[in-house]
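One-letter residues, chain by chain:
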Amino acid sequence: MQEIAWQISLVLMALVGFGFTFVALKSGRRCEDYTPLQKKAYRLRLKLFWLLALVFGPSMIYTLIKLPYDATFAKSNADARPPQVISATGYQWYWKLSGTEIEAGRLVEFRVTSADVNHGFGIYNTDMKIVAQVQAMPGYTNTLQHTFDKAGTYKIMCLEYCGTVHHAMVAELNVVAPEGRNKI
Ligand SMILES: [Cu+2]
C-alpha cells in the first residue's frame, strides 16, 4: 500500500515538474508585448525562477535519493514473517520480560509499560552502545520496533532515574543467529 502511494507521489511530482518546465519555457514567448518596465520585471522573475530551480531541483533529487525507501521496503518485503513480540514491564527496580531470546535479522516489537513510575527502556549492544530506547510509562504501552543485526548478549537498562536502586534495573536479551534459535 505504501509502495503504491509512493509510486503515485512520484508520478504526481513528475507531472508538477513537467508543468513548471512547460510554463517556464512558454512564458518566454510573449515578452515583446510588455512595456520596458514589465520586461525588466519579467527578466528578473525569470532569473529568480531559474535560480530557485537550480538550488531546489538538485536538493529535491538528493533528498529523494536519500529517503530511507530501500531500507524500509526491502526489509518488510524480504521478511514477511510477523515480528517477534516481547512485552516488557518496568518495576522499582527490575524489568519483567515475556521472553529474552531473540532471533537476529528479524523484526522485534517490544511492548513497553511500567507498573509504578516512569522508567526508560534502553537497549545496549555488546559494546555498551545504545541501539534503541523508549519510555516505560504507567498506564501506557509504548511500542518499540528494532531489528538486531548482530547476535550477542544485549542489556536493557533503565534510562530514567526512578529511585534509589535505579542503577540495578538491568536485564539481558540473548540475540541469536537465525539457525541457532529456539522458539520464542
Ligand atoms: Cu530507573
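Higher on the page you've got the structure.
Here the residue numbers are simple positions, counted from 1 along each chain's written sequence. Restriction of local features to residues with pLDDT of at least 70 applies here, the model being predicted, together with a cutoff of 80 or more for giving and counting side-chain atom pairs; totals for whole chains, interfaces and linings are based on all residues. Hydrogen atoms and water are omitted, and side-chain values are computed over all heavy atoms in the structure.

(A) Up close: the sheet that holds strand S7 (residues 142–147). Spatial ordering of the open sheet is given by S2-S1-S4-S7, a layout of four strands whose pairing is mixed. Sheet topology places strand S2 (94–97) and S7 at the edges, where each strand pairs with a single neighbour. Ignoring strand direction, the axes of neighbouring strands in this sheet form an average angle of 25°. Strand direction decides the pairing type here: strand S1 (residues 84–91) and strand S4 (residues 107–114), joined by seven bridges, are parallel. Two strands are counted as paired when DSSP detects at least two bridges linking them. Helix and strand labels come from DSSP, where a helix needs a run of H or I of at least four residues and a strand needs a run of E of at least two; each type is numbered from the N terminus. Where helices are involved, their axes are fitted lines through C-alpha atoms of the stretch in contact, as for all axes, and angles between N-to-C directions lie from 0 to 180°.

(B) The arrangement of the sheet that holds strand S5 (residues 119–124) in detail. Taken in spatial order, the five strands line up as S3-S9-S8-S5-S6 in an open sheet, and their pairing is mixed. Sheet topology places strand S3 (101–103) and strand S6 (130–136) at the edges, where each strand pairs with a single neighbour. Taken pair by pair, the neighbouring strands of this sheet meet at an average axis angle of 25°, ignoring direction. Bridge count between S5 and S6: six bridges; the pairing is antiparallel. Bridged to Ile123 within S6 is Ala132.

(C) Just the packing of aromatic side chains, in detail. Two aromatic rings from Phe, Tyr or Trp, using only the six-membered ring of Trp, form a pair when their centres are within 6.5 Å; if the ring planes differ by under 30 degrees the pair is stacked, by over 60 it is edge-to-face, and anything between is tilted. Inspection of the entire model under this criterion finds six aromatic pairs. The interplanar angle of 80° and the centroid separation of 5.0 Å between the aromatic rings of Phe49 and Trp50 together place this pair among those described as edge-to-face. With a relative accessible area of 25%, Phe49 lands in the partly exposed category. Here the aromatic residues Trp95, Phe110, Phe121, Phe148 and Tyr154 are joined through ring pairs into a cluster of three or more. Burial here depends on accessible area, computed with a 1.4 Å probe over protein chains only, as a share of the maximum for the residue type. Under 20% is buried, over 50% is exposed, and the range in between is partly exposed.

(D) Spatial organisation of the pattern of salt bridges. Each reported salt bridge corresponds to a side-chain nitrogen of Lys or Arg within 4 Å of a carboxyl oxygen of Asp or Glu. Per the stated rule, a full pass over the model turns up three salt bridges. With a closest N to O distance of 2.8 Å, Glu109 and Arg111 form a salt bridge. Owing to a relative accessible area of 12%, Glu109 belongs among the buried residues under this scheme. For the salt bridge of Lys155 with Glu172, the shortest nitrogen-to-oxygen distance reads 3.5 Å. With Lys155 in strand S8 (residues 152–158) and Glu172 in strand S9 (residues 170–176), this pair connects stretches of sequence that are 17 residues apart. A residue is classified by how much of its surface remains accessible, and Lys155, at 27% relative accessible area, is partly exposed. The class of Glu172 is partly exposed, set by a relative accessible area of 44%.

(E) Highlighting the nonpolar core. Counting 23 residues, the largest nonpolar core has Trp95, Ile102, Phe110, Phe121, Ile123, Phe148 and Leu173 as the members making the most contacts within it. Contact between two residues is taken to exist if any of their heavy atoms lie within 4.5 Å; hydrogens are not considered. Ignoring any residue separated from it by four or fewer positions in sequence, one finds Trp95 in contact with Thr89, Gly90, His119, Gly120, Phe121, Ala136, Ile156, Met157, Cys158, Met169, Val170 and Ala171. By convention a nonpolar core is built from buried Ala, Val, Leu, Ile, Met, Phe, Trp, Tyr and Cys residues, the set being connected through side-chain atoms within 4.5 Å.

(F) Spatial organisation of the coordination of the copper ion. Any N, O or S atom lying within 2.8 Å of the metal counts as a donor, with the limit raised to 3.2 Å for Na, K and Ca; because water is left out of the atom set, some sites can appear incomplete. Around the copper ion, the protein supplies Cys158 (SG), Glu160 (O), Cys162 (SG) and His166 (ND1) as donor atoms, at distances of 2.1 to 2.5 Å. Metal sites are grouped by the angles between bound donors: all angles between 85 and 135 degrees with four donors is tetrahedral, opposite donors over 155 degrees apart with the others between 65 and 115 is square planar for four donors and octahedral for six, and any other pattern is irregular. Coordination at the copper ion comes from four donor atoms whose angles at the metal span 84 to 136°, giving a geometry best classed as irregular. In terms of primary sequence, the donors binding the copper ion are separated according to C-x1-E-x1-C-x3-H.

(G) Expanded view of the packing of helix H1 (residues 2–26) against helix H2 (residues 36–66). Closest axis-to-axis distance for the H1/H2 pair is 12 Å, and the angle between their directions is 160°. Relative to H2, the element H1 is oriented roughly antiparallel. For the crossing formed where H1 meets H2, the hand is left-handed. In this structure, H1 contributes Trp6, Met13, Phe20 and Ala24 to the contact, and H2 contributes Leu46, Phe49, Trp50 and Leu64. By definition in this entry, angles of less than 35 degrees are roughly parallel, angles greater than 145 are roughly antiparallel, angles of 65 to 115 are roughly perpendicular, and the rest are oblique. When the near helix sits turned anticlockwise from the far one by under a right angle, the crossing is termed left-handed; a clockwise turn instead gives a right-handed crossing.

(H) Expanded view of the pairing of S4. Counting buried residues in S4 gives six out of eight residues, a clear majority hidden from the surface. Where S4 lies against S7, six bridges are found, and the strand directions are antiparallel. Bridging across to S7, Glu109 finds its partner in Gln145.

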